[in-house]
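Analysis of the macromolecular model
So you can see what is in the structure, the chains are spelled out below.
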Amino acid sequence: MQIKKSVDLSRLTTFGIGGNSEYFTKIESKKNLVNAMEFAEANNLEYYILAGGSNILFSDDGFKGIIIHMAINCINVCKENIVIGSGAKLSDLVLVAKNNSLTGVEKFVGIPGTVGGAVRGNAGAFGLEIADVLESVTVYDKFDNKTKFLDVSSCEYDYRTSLFKKNKNYIILEASFSLQKGNENEIKKQMYDLLEQRTKKQLQDIKSAGSFFVNPIVSEEIQDLFYKDSGIKSKNGRVPAGWLLDSAGLNRKRIGDAQAGYTHANYFLNLGKATASEIIQLASFAKTRVRDEFGVQLKEEVELVGF
Ligand SMILES: Cc1cc2nc3c(=O)[nH]c(=O)nc-3n(C[C@H](O)[C@H](O)[C@H](O)COP(=O)(O)OP(=O)(O)OC[C@H]3O[C@@H](n4cnc5c(N)ncnc54)[C@H](O)[C@@H]3O)c2cc1C
């Protein structure tokens, strides 16, 4: 395990924003992870788990402590199951499934980041969430220094949340997905169509961290407004944060080089040289506007680190 000093975090996130980390290590095995934790403890350092960096905003001051960069990348296919390391890209899961004519995860095509990040945040797209196809998760529990095997039913999954968000001692090592036999060409076609839809909505190849706010639970009155405006029924009392932001006139709102997206106001963009401080100012402006207009308090989906 190699420990580096002063690593530029902006290069490790899709936002392309952030200062340096005091210490940094890349871990490729559970042993590396345990060693990194011991290093943090021995030196009285905070640690932070970084994976694909596609749902994180690091502060301009960086991170005081050690960044543990997850790179456990193993992949094993056994009949209709795929067991995959948490540091593997989610796109690798999608690709390996397709190459083995296994269907079930193609809707995740185009979601950046790793399997670990997706399992923690219950990532989803086009109506499919990680919890729908996950079978089990292996974690390292820092609290009692043990490896634990968790069935999906004990992972407390809900919209964009899980047990792993609540219990920060759990570091995801690998995940097992249960898929079905399918037809490789059909899977390929669906992946292609979905990617095209994402590209049309300009959700690809941008400097962003995906949806900045989670879709909030709102009053029936606001759910009705959403239905009248979009023709879409709200799900579990939630409306898209992007719709609230659009309706409050926030799309294209720009502060410095930070801008709320034009096709999707809930995607905040770094137009080039945005700072974390500009993104925070934009978020705070957007939250005030939505609160004034609708009485709804937006909450960040993106993790704010080092503030
Ligand atoms: C252009 C774009 C499009 C996106 N589209 C979607 C979408 O359609 N649907 C969607 O759900 N999301 C989307 N996202 C958001 C993001 O890609 C997902 O949230 C992704 O799952 C985050 O994974 P990551 O590896 O990048 O995690 P990171 O951003 O590195 O980390 C996110 C959080 O997970 C924790 N974490 C990461 N790995 C582990 C681990 N092994 N054990 C414990 N904790 C861990 C980190 O500490 C952090 O708190 C999009 C993002 C972008 C930039």
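The residue numbering used here restarts from 1 in each chain and proceeds along that chain's sequence as written. Per-residue local features are limited, in this predicted model, to residues with pLDDT of at least 70; the limit for side-chain atom pairs, both in listing and counting, is 80 or more; totals at the level of whole chains, interfaces and linings are taken over all residues. Side-chain numbers here rest on the full set of heavy atoms in the structure, without hydrogens or water.

Here the focus is the pairing of strand E2 (residues 20-27). At least two DSSP bridges between two strands are needed for those strands to be called paired. By the criteria applied, helices consist of DSSP H or I runs no shorter than four residues and strands consist of E runs no shorter than two, each listed in order from the N terminus. The pairing of strand E1 (residues 3-8) with E2 spans five bridges and is classified as antiparallel. Bridge pairing links aspartate 8 to asparagine 20 in E2. By the bridge criterion, six bridges tie E2 to strand E5 (residues 63-70) in an arrangement that is parallel. Note on E5: the bridge partner recorded for tyrosine 23 is isoleucine 66.

A few words on the nonpolar core. What is meant by a nonpolar core is a set of buried Ala, Val, Leu, Ile, Met, Phe, Trp, Tyr and Cys residues, joined one to another through side-chain atoms within 4.5 Å. Exposure classes here rest on a 1.4 Å probe applied to the protein chains alone. A residue is buried below 20% of its type maximum, exposed above 50%, and partly exposed in between. In terms of nonpolar packing, the biggest core is built from 37 residues, with Phe108, Val119, Ile130, Phe164 and Phe177 touching the most fellow members. Counting residues per element, the ones that place at least two in this core are strand E7 (81-85), helix H2 (90-99), helix H3 (115-121), helix H4 (130-133), strand E11 (134-141), helix H5 (163-166), strand E13 (170-178) and helix H6 (184-200). Here the element with the most residues in this core is H2; it accounts for five residues. The contact rule is simple, with two residues in contact once any of their heavy atoms fall within 4.5 Å. Once you skip the residues sitting within four places of it in the chain, isoleucine 130 turns out to touch Leu90, Phe108, Ala118, Val119, Asn122, Ala123, Tyr157 and Phe177. Membership of the second largest hydrophobic core comes to 32 residues, among which are Phe15, Phe213, Phe226 and Ile255.

Along the chain, the position of glutamine 259 falls in strand E16 (residues 258-260). Owing to a relative accessible area of 10%, glutamine 259 belongs among the buried residues under this scheme. Within the local environment of glutamine 259, its side chain forms a polar contact with the backbone oxygen of arginine 252, the two atoms lying 3.2 Å apart. In contact with glutamine 259, not counting residues within four places along its chain, are Arg252, Lys253, Arg254, Tyr267, Phe268, Leu269, Leu271 and Leu282. What qualifies as a polar contact is a pair of N or O atoms within 3.5 Å, subject to a donor-acceptor requirement within protein and to the restriction that residues adjacent in sequence count only when both atoms come from side chains.

With that settled, consider the site of the ligand. The full set close to the ligand counts 35 residues, and Ile49, Gly53, Ser54, Thr114 and Gly124 are the nearest of them. Within the contact set of the ligand, an oxygen atom lies 2.9 Å away from a backbone nitrogen or oxygen of glycine 52. Serine 54 is positioned with one of its side-chain polar atoms (N or O) 2.6 Å from an oxygen atom of the ligand. Coverage of the ligand by the protein chains reaches 94% of its 980 Å² of free accessible surface. When residues of the shell around the ligand are traced back to their parent elements, those giving at least two are strand E3 (47-50), H3, strand E9 (124-125) and E13. Ranked by the residues each element gives to the shell around the ligand, the list is headed by H3, at four residues. Gly is placed with the polar residues, together with every amino acid not listed as nonpolar (Ala, Val, Leu, Ile, Met, Phe, Trp, Tyr, Cys and Pro) or charged (Asp, Glu, Lys and Arg). Of the residues assigned to the shell around the ligand, the class counts are 18 nonpolar, 13 polar and four charged. Both of domain 1 (3-70) and domain 2 (75-186) provide at least three residues apiece to the shell around the ligand. Residues are classed as near a molecule or strand on a simple rule: at least one heavy atom within 4 Å of it. All accessibility values rest on the Shrake-Rupley procedure with a 1.4 Å probe; residue burial counts only the protein chains present in the view. The domain boundaries here were taken from an automatic or database domain assignment.

Our focus in this paragraph is the domain arrangement of the chain. Buried accessible area, meaning the area lost when the parts come together, often serves as the stated size of an interface. One can read the domain layout of the chain as domain 1 (3-70), domain 2 (75-186) and domain 3 (220-305). Computed over C-alpha atoms only, the centres of domain 2 and domain 3 are separated by 28 Å.

Our next topic: the sheet that holds E16. Taken in spatial order, the three strands make up an open sheet running E15-E16-E17, and their pairing is antiparallel. The open sheet has two edge strands, strand E15 (254-255) and strand E17 (268-270), and neither has a second partner. Across two bridges, the pairing between E15 and E16 is antiparallel. Bridged to arginine 254 within E16 is glutamine 259.

Taken in spatial order, the four strands of this open sheet run E1-E2-E5-E3, and their pairing is mixed. The open sheet has two edge strands with one neighbour each: E1 and E3. Geometrically, the sheet is characterised by an average inter-axis angle of 35 degrees between neighbouring strands, direction not taken into account. Set on the sheet, helix H1 (residues 30-42) makes contact with E1, E2, E3 and E5; between it and E2 the angle comes to about 150 degrees. Helix axes use the C-alpha atoms of the stretch in contact, all axes being lines fitted to C-alpha atoms, and the angles between their N-to-C directions lie in the range 0 to 180 degrees.

Salt bridges are identified by distance alone: a Lys or Arg side-chain nitrogen within 4 Å of an Asp or Glu carboxyl oxygen. Across all of its chains, the model carries 12 salt bridges by this definition. For lysine 98, the salt bridge is made with glutamate 184, and the minimal N-O distance between the two is 3.8 Å. In this pair, lysine 98 is assigned in helix H2 and glutamate 184 in helix H6, connecting sequence segments 86 residues apart. Put simply, Asp141, Asp144 and Lys148 are held in one network by salt bridges that share partners.

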